[in-house]
Structure formats: structure tokens, C-alpha cells
Amino acid sequence: MLYPIENKVREVKNLCGIWNFKVDVENVGIQEKWFEKPLTDTVPMAVPASYNDLFTDEKIKEHVGYVWYETDFIIPDSWEEKRIVLRFGSATHHAYVYVDGKQVVYHKGGFLPFEADITELMEKSNLENHRLTVALSNVLDWTCIPCGEVISKEGDGYPEGFHFQETYFDFYNYSGIHRPVKLYTTSKKYIEDIVIKTEVEGLQSNYSGEEMLTVEDYKALDCKELPTAESAVVKIKIQSTDTLKALMVLDEEGAVVAMETRFKVSGQDYYAEIKLDNPTLWNPGAAYLYQLRVEGEQDVYSETFGIRTIETNEKQFLINGRPFYFKGFGRHEDSDIHGKGMDEALNIRDFNLLKWIGANSFRTSHYPYSEEHMMLADREGFVVIDEVPAVGMCFWDGQSVFGGNRVNDETLKHHLDALREMYERDKNHPSVVMWSVANEAATHEEGAVPYFEKVIETMRELDDSRPITMVHTTGADGDKVSQWLDVICVNRYYAWYTDHSHIEVIGLQLEKEMRRWNEKYQKPVILSEYGADTIAGYHKLPAVAFTEEFQCDYLDEFHKVFDQLDFMIGEHVWAYCDFQTKQGLNRVDGNKKGVFTRNRQPKMAAFRLKERWK
Ligand code: GCB
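Residues numbered from 1 in each chain as written. Predicted model: local features only at pLDDT ≥ 70, side-chain atom pairs only at ≥ 80, totals over all residues. Heavy atoms only, no water.

**Remarks on the overall build of the protein**
What the protein contains, in helices and strands, is 10 helices and 31 strands. In terms of overall size, the protein behaves like a compact globule, its C-alpha atoms giving a radius of gyration of 25 Å where 614 residues would be expected to give roughly 25 Å. Viewed in the frame of its principal axes, the protein has a C-alpha envelope of about 75 × 75 × 45 Å. For the protein, restricting intrachain contacts to residue pairs at least 6 apart in sequence, the fraction spanning at least 24 positions comes to 74%. (Helix = DSSP H or I, 4+ residues; strand = E, 2+ residues; numbered from the N terminus. Rg over C-alpha atoms; globule rule 2.2 N^0.38 Å. Contact = heavy atoms within 4.5 Å.)

**A closer look at a negative patch on the surface**
Residues Asp-77, Glu-80, Glu-81 and Glu-128 make up a contiguous surface patch of negative charge. With respect to the helices and strands, Glu-80 occurs in the loop between β4 (66-74) and β5 (83-88). Since its relative accessible area comes to 58%, Glu-80 is described here as exposed. (Patch = residues over 30% accessible without salt bridge, like charges linked within 9 Å, V, L, I, M, F, W, Y side chains within 5 Å. Areas by Shrake-Rupley, 256 points an atom, 1.4 Å probe, with all protein chains shown as cover. Salt bridge = Lys/Arg side-chain N within 4 Å of Asp/Glu carboxyl O. Lys, Arg positive; Asp, Glu negative; His and termini not counted. Charge placed at Lys NZ, Arg CZ, Asp CG, Glu CD. Buried < 20%, exposed > 50% of the residue type's maximum accessible area, 1.4 Å probe, protein only.)

**Details of the site of the ligand**
In the neighbourhood of the ligand, 13 residues make up the surrounding shell, with Asp-170, His-366, Glu-440, Tyr-497 and Lys-593 lying closest. Measuring from an oxygen atom of the ligand, one finds a side-chain N or O atom of Tyr-493 at 3.4 Å. In this structure, Trp-574 approaches the ligand through a side-chain N or O atom, which is 3.1 Å from an oxygen atom. Here the ligand has 320 Å² of accessible area as a free molecule, and 92% of this is covered by the chains. Each residue belonging to the shell around the ligand can be placed in one class, and the counts come to 4 nonpolar, 4 polar and 5 charged. (Near = heavy atom within 4 Å. Polar contact = N/O pair within 3.5 Å; in protein donor to acceptor, adjacent residues only side chain to side chain. Nonpolar A, V, L, I, M, F, W, Y, C, P; charged D, E, K, R; others polar.)

**Overview of the packing of helix α6 (residues 409-426) against helix α7 (residues 448-462)**
Direction vectors running N to C along α6 and α7 enclose 20°, while the axes themselves pass 10 Å from each other. Judged by the inter-axis angle, α6 sits roughly parallel to α7. Read as a crossing pair, α6 and α7 show a hand that is right-handed. Along its contact with α6, which presents Thr-411, Leu-412, His-415, Leu-416, Leu-419, Arg-420, Met-422 and Tyr-423, the element α7 presents Tyr-451, Phe-452, Lys-454, Val-455, Thr-458, Met-459 and Leu-462. By residue class, the composition of the contact of α6 with α7 is 10 nonpolar, 3 polar and 2 charged. (Axes fitted to C-alpha atoms, helices over the stretch in contact; angles between N-to-C directions. Parallel < 35°, antiparallel > 145°, perpendicular 65-115°, else oblique. Left-handed = near helix turned anticlockwise from the far one by under 90°.)

**Description of the sheet that holds strand β21 (residues 310-312)**
Here 3 strands make up an open sheet; going across it, the order is β21-β22-β23 and the pairing antiparallel. Each of the sheet's edge strands pairs with one partner strand only, and the pair in question is β21 and β23 (322-323). Of the pairings in the sheet, the one linking β21 to strand β22 (residues 317-319) comprises 3 bridges and is antiparallel in character. Its bridge partner lying in β22, Thr-312 is registered against Phe-317. (Pairing = 2+ DSSP bridges.)

**Observations regarding the pattern of salt bridges**
Counted according to the given criterion, the structure contains 43 salt bridges. As a salt-bridge pair, Arg-587 and Asp-170 come within 3.0 Å of each other at their nearest N and O atoms. Of this pair, Arg-587 sits in the loop between β31 (568-574) and α10 (604-613) while Asp-170 is found in the loop between β11 (163-167) and β12 (181-186), placing the two residues 417 residues apart along the sequence. Arg-587 gets classed as buried once you look at its relative accessible area, which sits at 11%. On the basis of relative accessibility, which here comes to 29%, the residue Asp-170 falls in the partly exposed class. A salt bridge links Lys-413 to Asp-417; the nearest nitrogen and oxygen atoms lie 2.9 Å apart. Within this pair, Lys-413 and its partner Asp-417 are both found in helix α6, separated by 4 residues, close to a single helical turn. A residue is classified by how much of its surface remains accessible, and Lys-413, at 51% relative accessible area, is exposed.

Any link to function would need more than the numbers given here.
Printed below as a string of C-alpha cells:
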């Protein structure tokens, strides 16, 4: 799915701003057809934003079910001959969208874009002002990813109608229109999709393949000249109802470095290959972005891409032929007031902090981040593990998730849809080097085997150019699905959730387990989460759990082990920042494992990591 852009053919109208908002207290709005008329008794609401933290009323914050959004828009006369599309960057989690009272799209899944072609509707309408209404539900059940359940209780001790949204993941179920809403135009015949894959020849990675990969070797590699290539082949597939005329590749200065006017055509699919001599590669920390300009008889589109290779073997993850060590974080889209609402200023602050601390990568735990975020990652040269919102598929008390009436065929269908949508959105981002198909699923259960075989096979069919991982909580001996993965990602909290505060156990337990993963699967391993809750400003000597000193000591124990294991290819600390969760006995106003506070200021561990990573 292409991002809406402006050019000489296409226009974009941003619908963000203040909308009307109403909580559907009894969840009756759809039956009562509220969409047919302007909403009554509304209050102002910001788009994009989570609505939860904008009010002082807990009933709104914790409402389970529908809320309604409404705004209006005008179609300029100059759009008369255009195709008009209404596009949502995301709406969490189920959105029914109506224009002038007619449903134009329904979308399930809170973290990926969707759109509706409203050309015909606009052509038939004689209204000047159009009403856009959205009925949005935040309910999560076992057919959804992330998974959840609405719990109702009755009888002694419970007030009538007592119910709440239960979630099996550790972040607050923020809801709302989280990402920009836009109207965009194309010509009537239009370019629908572009897939760009690159291959390089004559790669010079400045890596002999013989170095032992100790920390010192990785450091030495970082100091060598960047990898280069003699040539690249850009393989392009375009879906278009317009007849294509030419393709051009432009460099960062805007100069045309290659052009092609011949295509192989099959129906609406166009194929071409463009050769580039001496291309500048997209390297981690040294991004280089090309534009592919597609010109049709009517439509024009420019897509950004980068040229880089990715390979894995039993001990390494190679980018442009050079072993890459992941330094960075698991993160969340989360901030005060905005919740999960996209915030460009916050995004910039985040990338500046990541650069300051010496991180080179992150995982979009536990859902794909905004498109605007991904574009920044491309441009800033960050390496991204892109994760689908499959989280909450494990119980720690032994209950089965895949063996009973929880995860079911509908869950699988939705999971596969989300993989497809994530791929379609993010396929051309050079920053995305690996797909993560789930976080912490019960992969020790027999029922997880056919489920994840299908999930991983589908991801591989969608994209055979990127490695696939899945982030584990299950141990190596219990896990039953990693034979289909390329890289093993494991989350571990030794001395925190087990043997709490005894950091002296970390070394032994971690080393033993990491070796077991590598022995069993012969694949490289990333510790994709490790960390300790830490209250900013809380200090004690000797260190105790929750102090800033303890967080530093805790991380150090993990690092000693990583530095001795040559199949460990990365460390992603949990978490980048403190973030909001549901209320719980072990969550005092959220998860405090951040190396930065929720307000994006450093704890002591940030300086420790900066020293290590730089
Ligand atoms: C995990 C989860 C993450 C939690 C974290 C924690 O394993 O993947 O979502 O926030 O642990 O802090 O418990």
C-alpha cells in the first residue's frame, strides 16, 4: 500500500485536527444508526491521539466498546476528474467508517493503515460539505491480535453490569484514531502498488569472513570503511491501471541516474529491472536513499528505497556482507497525554536519543509503528525488526492458549491478514531487515505448531528477501517452532521475575540457556528483552532493586555473557522508555524498565549503555 504523497498529479488533504467525539456508553450507536445524522452531544477531540488520557473521567478512559468520531470535509471543484481516496494511518482496533451516512470501509486491527475509494460517492453527491463519521471499538477478544477478553462478573460482591477489558499484554490498551487521516487524489487511472527489490554485485564489505566475532571485532568492523558494491539490479514490480511510460531512479541530489521505458506487462502488472553502476549502499548509521519515479500516462508516483543486502548464517546477521550486531531497544509508541497518538516532535526526540546513546536498531514491539516513524528510520539509518501485533498469546500459569477455545481459526486469519498488511505497508523500507511474527507466544504447546507453521510460511511467501524471527518466552527445550525461523529472539528477565534481585545468578543461567538455543537450532541469537524496573531518582548503596544503580548492575551482568558468545548477534534492552500499562500489583503507574523516563530523560543506565555502545 502506497503512502499518500503530493506531486503534479496527486494532492493530499490532511483531515487531522479537532473532531467531534462521543462515547457510546450503552454501545447502541450502530443499531440506532447514529451515522445517519450528525452526532449530538459531542465534545472536542484531537486527531491523531488516544482519547483515554485526555479526560478526567475514568468512565471514558476505561470505556469498553464504541466511541464515535466525526468531522467534515469539502472536495474542491478541481478534484472533479480525480480518483479520491480516504485513508487512515491507523484506528485502534475496529473501525466502521461512514461518509454522508454510508459505510465506506470496515477495518479490524489497530496498527495498520486502511483506505476507501470514495470517488463514486463524491461524484453522485451534490453536497458541498461531507460528513465523516467513525464508529471505533476498542474491544479485544480471542479473534484479535493483540488478544484479549471482556470479563463480566455477577453475583455476590459485584455491582450490576460489572465488566472490564482484560488484556494479556503489558501495555495500556490505548484507543482512538492514532495516526493521520488523509484524503488523497490520483488520476482516474492510477499506480496502485510498487514493489522494489535489489540485488548487488561486487560487494566489498571489508570483512574477510575470518575474524572471530568478539566485541572488539565488532568495534573494529564499525571503524572500517563502509561496504560498497560495483553494481546493483533494482527489480521492480508495479501494479497499475494506468499505462506506464517510464521509470527513473534519482539519487539523493535529485539527479536521474538511470531510466527505463521497457516493461514486461502481464495484465495490470508491470515488471522491469534497472542496473545501477557504483550504487551508494544503504548502510546502518549511514543511510542512502534513492527515489524510484514511476511515470504513467496519467499518474506519477515516487517511492523511496535503499540498496542493501541481508544474509544470516548459524552465527551471524550480515548487512551488506558485514556482520551486524544489534544494539538498541524494545520500545513502545507511548507518551504522556498523547498515549499512542502519532507525534512528529516525539519521533524526532526519540531518534535523537537513540543516536545519542549509540543504538543502531530497535524492534517495533509489539505492533508496527507509524509510517512516519519508519520513514525516519530509513533516513537516520536505523535497523528495524518489524513486529506484527501478535502479543498476548501465552499464559504463565499453565493454561493453554492454542489447545482450547482461545486462539482459533479466526485468530489465525486475522494474524495472516495483519502480516499481509504489514508487508504491504513496509516492504520497501530499507530499515526493515527482519519480520517478527509474534511476541511471546506459547510455542511449547502442540497447538502452536500448525499455527506458527502457517504464520511463518505465509510471511515467507510474502517476502523471501528478509529473515523471519519470532520473540520467545518459552525456553529452547520447550519451544517447538523455531526450526522455521532464521534468527532466534529471546526475552529474559533472570534475577527479576525469577530469583528476584539476585543478579549473581544471571551469568550462569543466561549463558547456559543461550548456548542451548544455538546448539538446538544452529541459528544466531538476539536477547530481544532484558531489564529491570527502575524508579528515576531512586538511589541506594549498596544497590537494591528499583534503584538506578541496580538497573546498571543488572544490565552489566547480561553484557558480560553476550561478550563471550560469538553467536549472540544483539542486545535489545527492555525498554527504551517507561510506558503506561494497565493497573496491576507489579506496575506502579506503568512499566518502569525504561532506560529513559516516559518524558524522554535519561536514567543512570542510559549513560552506562552509551559508554558501552559508543
Ligand atoms: C515481556 C514482554 C513485554 C513486557 C516485559 C516486562 O516479556 O514482551 O511486553 O513489558 O516483558 O517488563 O515484563
